[in-house]
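A look at the structure
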Amino acid sequence: MMILGIETSCDETAAAIVQDGQKILSSLVASSVKLHQKTGGIIPEIAAREQSRFIVPVIQKSLAKAKIKPKQLKALAVTTGPGLIGSLLVGVETAKSLAYLWQKPLIPINHLQAHLYANWLEKKKKTPKFPAIGLVVSGGHTDLVLMKNHGEIKWLGGTRDDAAGECFDKCARLLGLGYPGGPSIALAAKNFQKGKTKNKFKLPQPMLHEDNFDFSFSGLKTAVLNEVKKLKEKKQFNNLNINQLANEIQEAITDVLVRKTRKATEKYEVNSLLLAGGVTANSRLREKFKSSILNSQLFIPNPSLCTDNATFIAACAFFNYQPVPWPKIQANSSLEIEEMIK
Ligand code: KG4
Ligand code: ZN
């Protein structure tokens with residue numbers, strides 16, 4: 001069964017063709033990130049304008065690369081939310097038009113749930129077993145969920161303020177590092193000569209010891225702002241200190257994510273732990289999870305499948321095959337991770 005997935009929730013315009021929810025026949029991603037790098041963050045109108053420029057060529061190329069004719073597709077799947085409304089509308093309205101034109105079923109997809117399905121892609125032998133804990137850490141979300149089965153998702157906790165990716169992005173901006181902040185903080189941290197210097201910045205790890213599955217990252221951003229101010233006053237805002245601060249930010253964020261997630265796997269005695277979202281491309285986070293999760297099987301997508309693309313949209317549609325008549329499908333920018341779309 002071949003499904004064409006379409007993803008336009010933020011600044012990536014993506015289309016992919018996936019067979020039986022696991023085999024990637026093609027995956028195309030066009031991004032407007034370069035335009036946003038100039039401003040250090042996403043400008044929604046620019047993202048939406050670029051979406052409409054890229055959407056048709058990206059879909060065309062995904063079909064050509066997979067050597068597939070539209071009539072061979074079983075269905076189309078599209079992200080309906082959450083995300084930036086202008087961006088979402090481009091994908092949703094294009095998918096509706098194509099479903100009408102090609103007379104194909106259309107499956108509306110929750111982007112946050114779909115991220116978790118990157119863990120089913122390209123896996124031949126080992127696929128996740130339920131019940132599972134899912135951690136979705138992206139630019140706009142930090143959510144811990146219990147997955148009892150496909151389509152049975154219970155929210156356990158999430159961030160009370162900034163998302164983990166947002167914290168990486170905002171801290172990078174404070175340090176004068178590039179956008180998106182996750183990869184640039186990771187690179188600066190790598191440049192820090194570990195082992196030579198002791199921790200010298202006092203960064204909080206809020207809610208670490210609280211008996212819940214919630215997170216809070218805005219305090220960390222404020223602490224970084226204070227450290228940056230102090231360094232600038234002392235004229236010590238140099239590469240050495242920037243790299244060390246980047247390293248300590250990465251340690252603080254990844255520690256909290258790993259410890260709280262481990263607690264959830266212990267409490268619910270699950271078979272699998274599924275990581276998902278752009279932040280799970282972080283190699284330090286991957287390393288920490290690998291060494292600390294022993295009680296359930298750990299699944300981490302390939303780094304290229306962690307960030308936004310359309311392969312996991314198509315995979316999610318395969319495992320949750322619920323077409324909806326196209327006139328009823330609408331973009332919903334504030335969709336929550338638990339919500340099923342019918
Ligand atoms: O899932 P995603 O591609 O888009 C959203 O749905 O938001 O996640 C984007 C987020 C950004 O905040 C970016 O800084 C972060 O993922 N990110 C990383 C890394 N690569 C991307 N964070 C930490 N380390 C990385 N290597
Ligand atoms: Zn995403």
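Residues numbered from 1 in each chain as written. Chains lettered and ligands numbered in written order. Predicted model: local features only at pLDDT ≥ 70, side-chain atom pairs only at ≥ 80, totals over all residues. Heavy atoms only, no water.

Quick word on the overall build of the protein chain
A count of helices and strands for the protein chain gives 11 helices and 10 strands. Its C-alpha atoms give the protein chain a radius of gyration of 20 Å, within 12% of the compact-globule value 20 Å for 342 residues. Along the three orthogonal principal directions, the C-alpha set of the protein chain runs to about 65 × 45 × 30 Å. The burial tally for the protein chain puts 53% of its 342 residues in the buried class. Only carbon and sulfur atoms are counted for the fraction: they give 52% of the accessible area of the protein chain, which is about 15,500 Å². A distance of 7 Å separates the average location of the 46 positive side-chain charges in the protein chain from that of its 29 negative side-chain charges. (Helix = DSSP H or I, 4+ residues; strand = E, 2+ residues; numbered from the N terminus. Rg over C-alpha atoms; globule rule 2.2 N^0.38 Å. Buried < 20%, exposed > 50% of the residue type's maximum accessible area, 1.4 Å probe, protein only. Areas by Shrake-Rupley, 256 points an atom, 1.4 Å probe, with all protein chains shown as cover. Lys, Arg positive; Asp, Glu negative; His and termini not counted. Charge placed at Lys NZ, Arg CZ, Asp CG, Glu CD.)

Examining the site of ligand 1
Every one of the 19 residues lining ligand 1 counts as a neighbour, but Gly139, Asp169, Gly182, Gly278 and Asn282 are closest to it. In this structure, an oxygen atom belonging to ligand 1 sits 2.7 Å away from a side-chain N or O atom of Asp169. Within the contact set of ligand 1, an oxygen atom lies 2.9 Å away from a backbone nitrogen or oxygen of Gly182. Burial of ligand 1 by the protein chains amounts to 88% of its free accessible area of 550 Å². Spatially, ligand 1 is embedded in the largest pocket. Residue composition of the shell around ligand 1, grouped by class: 5 nonpolar, 12 polar and 2 charged. Each of two domains, domain 1 (2–121 + 304–328) and domain 2 (132–301), supplies a minimum of three residues to the shell around ligand 1. (Near = heavy atom within 4 Å. Polar contact = N/O pair within 3.5 Å; in protein donor to acceptor, adjacent residues only side chain to side chain. 1 Å grid on protein atoms, 1.4 Å probe; cavity = no way out; pocket = protein on both sides within 12 Å on 5 of 7 lines; lining within 4 Å. Sits in = over half its atoms within 2 Å of the grid points. Nonpolar A, V, L, I, M, F, W, Y, C, P; charged D, E, K, R; others polar. Domains from an automatic or database assignment.)

Topic: the environment of Gln322
Summarising the element assignment, Gln322 is placed in the segment after helix H11 (311–319). Sequence separation between Gln322 and Pro70 is 252 residues, and the spatial gap between their C-alpha atoms is 20 Å.

Quick word on the coordination of the zinc ion (ligand 2)
For a metal with four tetrahedral donors the ideal donor-metal-donor angle is 109.5 degrees, while six octahedral donors give ideal angles of 90 or 180 degrees. Within the protein, the zinc ion (ligand 2) binds to His111 (NE2), His115 (NE2) and Asp308 (OD); these donor distances fall in the range 2.0 to 2.1 Å. Classification of the site at the zinc ion (ligand 2) as irregular follows from its 4 donor atoms and the range of 94 to 141° in their angles at the metal. In primary sequence terms, the donor set of the zinc ion (ligand 2) follows H-x3-H-x192-D. Within this pair, whereas His111 is found in helix H4 (residues 111–116), its partner Asp308 is found in the loop between helix H10 (303–306) and H11, the two being separated by 197 residues in sequence. (Donors = N, O, S within 2.8 Å, 3.2 Å for Na, K, Ca; no water. Tetrahedral: all angles 85-135°; square planar, octahedral: opposite > 155°, others 65-115°.)

Re the pattern of salt bridges
Applying the stated criterion to the full structure yields 13 salt bridges. In this structure, Glu227 and Lys230 form a salt bridge, with 3.8 Å as the shortest nitrogen-oxygen distance. Residue Glu227 and its partner Lys230 are located together in helix H7 (residues 218–233), separated by 3 residues, close to a single helical turn. Three or more residues are tied together by salt bridges with common partners; here these are Glu251, Asp255, Arg284, Glu287 and Lys288. (Salt bridge = Lys/Arg side-chain N within 4 Å of Asp/Glu carboxyl O.)

Some remarks on the domain arrangement of the protein chain
A common way to report how large an interface is uses the accessible area buried once the components associate. Assigned domains within the protein chain: domain 1 (2–121 + 304–328) and domain 2 (132–301). One C-alpha centre belongs to domain 1, the other to domain 2, and the line joining them spans 27 Å. In this assembly, 22 residues from domain 1 lie in contact with 24 residues from domain 2. In total, domain 1 and domain 2 occlude about 1,700 Å² of area from one another, counting both sides; carbon and sulfur atoms represent 71% of this. It is Leu116, Asn119 and Cys306 that lose the most area in domain 1 upon contact with domain 2, and together they represent 36% of the buried surface on that side. At the junction of domain 1 and domain 2, the tally comes to 0 salt bridges. On inspection of domain 1 and its partner domain 2, the count reaches 4 residue pairs in polar contact (both at pLDDT 80 or more). For the side of domain 1 that touches domain 2, the secondary structure elements donating two or more residues are helix H1 (33–37), H4 and H10. By residue number, the principal contributor to the side of domain 1 that touches domain 2 is H4, which donates 4 residues. Of the residues belonging to the side of domain 1 that touches domain 2, the class tally is 11 nonpolar, 10 polar and 1 charged. (Contact = heavy atoms within 4.5 Å. Buried area = accessible area lost by both parts, 1.4 Å probe.)

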